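# Descriptive analysis of the structure
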Amino acid sequence: MTNRLRTQIEEEEAEKKLVVEEKPEKEFSDSFLTQLFTKGFITAERATRALPFVLFLSLLGMIYIANRHLAEKNIRDIDKITKEVKELSWEYKTAKADLAFKSTLTQVAKRADTLGIKESMQPPQKIVADEEVKDEH
């Protein structure tokens with residue numbers, strides 16, 4: 001310690017005591033919600049009365065979300081089925097073209113030739129019944 005007068009030391013200690021201030025303890029924190037409910041803007045009674053409406057809005061929100069999920073699922077299913085229909089349409093057109101090609105006279109003759117059946121060289125003849133001959137005269 002330095003040599004100082006006792007009065008100077010007491011004055012410095014008094015200044016230190018003046019700087020230190022005690023803050024009163026708060027019961028509630030200064031959060032927005034705490035101020036909102038304690039200051040009287042929204043009382044506990046009002047919040048309790050509004051609870052059914054808040055629950056109703058929550059229910060509507062959940063229904064909205066569920067409806068959105070269902071709609072997206074339906075859209076995905078529609079896209080999947082549309083792709084399947086296109087593929088089946090392509091298969092149908094391919095099979096139809098293949099059948100049309102295989103049913104041509106030359107292709108039928110080639111396939112019948114492997115079985116030993118030959119194409120007739122005579123033109124077809126009309127078979128007439130006896131009753132029809134009498135009606136015509």
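Conventions adopted
Residues numbered from 1 in each chain as written. Predicted model: local features only at pLDDT ≥ 70, side-chain atom pairs only at ≥ 80, totals over all residues. Heavy atoms only, no water. Helix = DSSP H or I, 4+ residues; strand = E, 2+ residues; numbered from the N terminus. Buried < 20%, exposed > 50% of the residue type's maximum accessible area, 1.4 Å probe, protein only. Areas by Shrake-Rupley, 256 points an atom, 1.4 Å probe, with all protein chains shown as cover. Contact = heavy atoms within 4.5 Å. Salt bridge = Lys/Arg side-chain N within 4 Å of Asp/Glu carboxyl O.

### Some words on the overall build of the chain
From N to C terminus, the chain includes five helices and zero strands. Ordering the α and β elements of the chain from the N terminus gives α-α-α-α-α. Buried residues in the chain amount to 2% of all 137 residues. Working note: accessible area of the chain is about 14,200 Å², and carbon and sulfur atoms make up 60% of it.

### Considerations on the side chain of Gln107
Examined against the element boundaries, Gln107 turns out to sit in helix α4 (residues 105-114). Accessibility expressed as a relative area gives 18% for Gln107, which makes it buried. Contact partners of Gln107, with chain neighbours within four places excluded, come to Phe101 and Lys102.

### Points about the pattern of salt bridges
Scanning the model with the defined rule gives two salt bridges in all. Measuring nitrogen to oxygen at the nearest pair gives 3.1 Å for the salt bridge that ties Arg68 to Glu72. On the criterion of helical spacing, the pair formed by Arg68 and Glu72 is a turn pair, its members being four residues apart in helix α3 (residues 44-102). Between Lys102 and Asp98 there is a salt bridge whose closest N-O contact spans 3.5 Å. On the criterion of helical spacing, the pair formed by Lys102 and Asp98 is a turn pair, its members being four residues apart in helix α3. Look at Lys102 and you get partly exposed, because its relative accessible area is 39%. Assessed through its relative accessible area of 36%, Asp98 is described here as partly exposed.

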